[in-house]
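Inside the fold
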Amino acid sequence: MRISAFSSWRACWGFTATEVTTVLTAITILSGVAAPAVNNYVEDAKLIRARSDVRTISVSLIRLFSDVGVQRARESGWASYDLLVGAGLAPLTETPAARRWGMSGGAAGVGTLDDQLITNGAKYSPREPRSQFGWRGAYLQDPVTADPWGQRYAVNVAAMKSHALDTVTLSAGPDGIVQSPFERDGLPTIGDDIVSVVSSSGIGR
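As a starting point, this report considers the structure included with it. (Residues numbered from 1 in each chain as written. Predicted model: local features only at pLDDT ≥ 70, side-chain atom pairs only at ≥ 80, totals over all residues. Heavy atoms only, no water.)

**A look at the overall build of the protein chain**
Counting secondary structure elements, the protein chain contains 3 helices and 7 strands. Start at the N end of the protein chain and walk to the C end: the helices and strands fall as α-α-β-β-β-α-β-β-β-β. Counting over 205 residues, the protein chain shows a buried share of 38%. Taking all contacts inside the protein chain whose residues are at least 6 apart in sequence as the whole, residues at least 24 apart take part in 68%. (Helix = DSSP H or I, 4+ residues; strand = E, 2+ residues; numbered from the N terminus. Buried < 20%, exposed > 50% of the residue type's maximum accessible area, 1.4 Å probe, protein only. Contact = heavy atoms within 4.5 Å.)

**Focus: the packing of aromatic side chains**
Taken as a whole and judged by the stated rule, the model has 3 aromatic pairs. Consider the rings of Trp101 and Phe182, whose centres lie 5.2 Å apart with planes at 65°: the pair is edge-to-face. Here the residue Trp101 occupies a position in the loop between β2 (92-93) and β3 (110-112), and Phe182 occupies one in the loop between β6 (177-178) and β7 (194-199), the gap between them amounting to 81 residues. Overall, the relative accessible area of 2% leaves Phe182 in the buried class. Ring centres 5.6 Å apart and planes at 80° place the aromatic pair Trp135 and Tyr139 in the edge-to-face group. The burial state of Trp135 is the same as that of Tyr139; both residues are buried. (Phe/Tyr/Trp six-rings, centres within 6.5 Å; stacked < 30°, edge-to-face > 60°.)

**Considering the pattern of salt bridges**
Evaluation of the coordinates by the stated rule reveals 6 salt bridges. Of the charged contacts in the structure, one is a salt bridge between Arg100 and Asp82, with a shortest N-O distance of 3.4 Å. Of this pair, Arg100 sits in the loop between β2 and β3 while Asp82 is found in the loop between α2 (17-68) and β1 (83-85), placing the two residues 18 residues apart along the sequence. Classification of Arg100 as partly exposed rests on a relative accessible area of 23%. (Salt bridge = Lys/Arg side-chain N within 4 Å of Asp/Glu carboxyl O.)

**Looking at the pairing of strand β5 (residues 167-171)**
Extensive coverage of β5 is indicated by the burial of 5 of its 5 residues. Side-chain alternation along β5 places Thr167, Thr169 and Ser171 on one buried face and Val168 and Leu170 on a second face that is also buried. Where strand β4 (residues 154-155) meets β5, 2 bridges bridge the pair, whose relative direction is antiparallel. Among the inter-strand pairings, Ala154 is bridged to a residue of β5, identified as Leu170. (Pairing = 2+ DSSP bridges.)

Put into C-alpha cells, the structure is as follows:
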C-alpha cells in the first residue's frame, strides 16, 4: 500500500498545544497533592531519627556512669559538668527554667558527649580484667552529630547530683526551642521537645 507524503508528514506531528497544556495541568495538580504527603514523610523520618538518637545516647551514658563509678568526680569527669552536648547549634530557650539548656559550648560547666563516650577526654582509667570499674568505650561508633534540625543533643548531667531530679537526653525538636525545664522531677516533655531518660534517681553510689 502506498502511503502519501501528506500522511507521512502528519504521522510525524507531536502533541498539540491543547494536549501539552492538559498534561502539564495534570502534573501540576498531582505535584500539589503529593507535596504535603512527601513533606509529612520527611518530617516523620526526622522525628523517628531524633527519638532513636536520644535513646542511643541515653543508653550509652548509663553504661558510662556504671563503668567509671567514682572516677566521675575527677577533673573533666562527667560529674564536673552541668551539661554535656553534641555537635550542632545551641537551641533557643523559652523560659528561665529552660535557660541552662542553651548554655554555649565551651562555657564553664559545659562538656562534650564525644569526650565522655568516644575519645575518653576525661582520661578515665581503663577497666582492668578483675576490676568492677573503668572506662570500656568507645560507647558509640560515631561522633554525636546534630539532630535532624541542626540543633545539638544535650544532657543535663547536673540533675544526677540530686536523687529528686531526672537526667535526660534532649533534642529541642522541630522548632529548635527548648520549652522543658532544666531541672524537674518527672519526665520533662513540654512543647515539641524530644527526651529520653538517663536517670530518674540520681547517682546511685
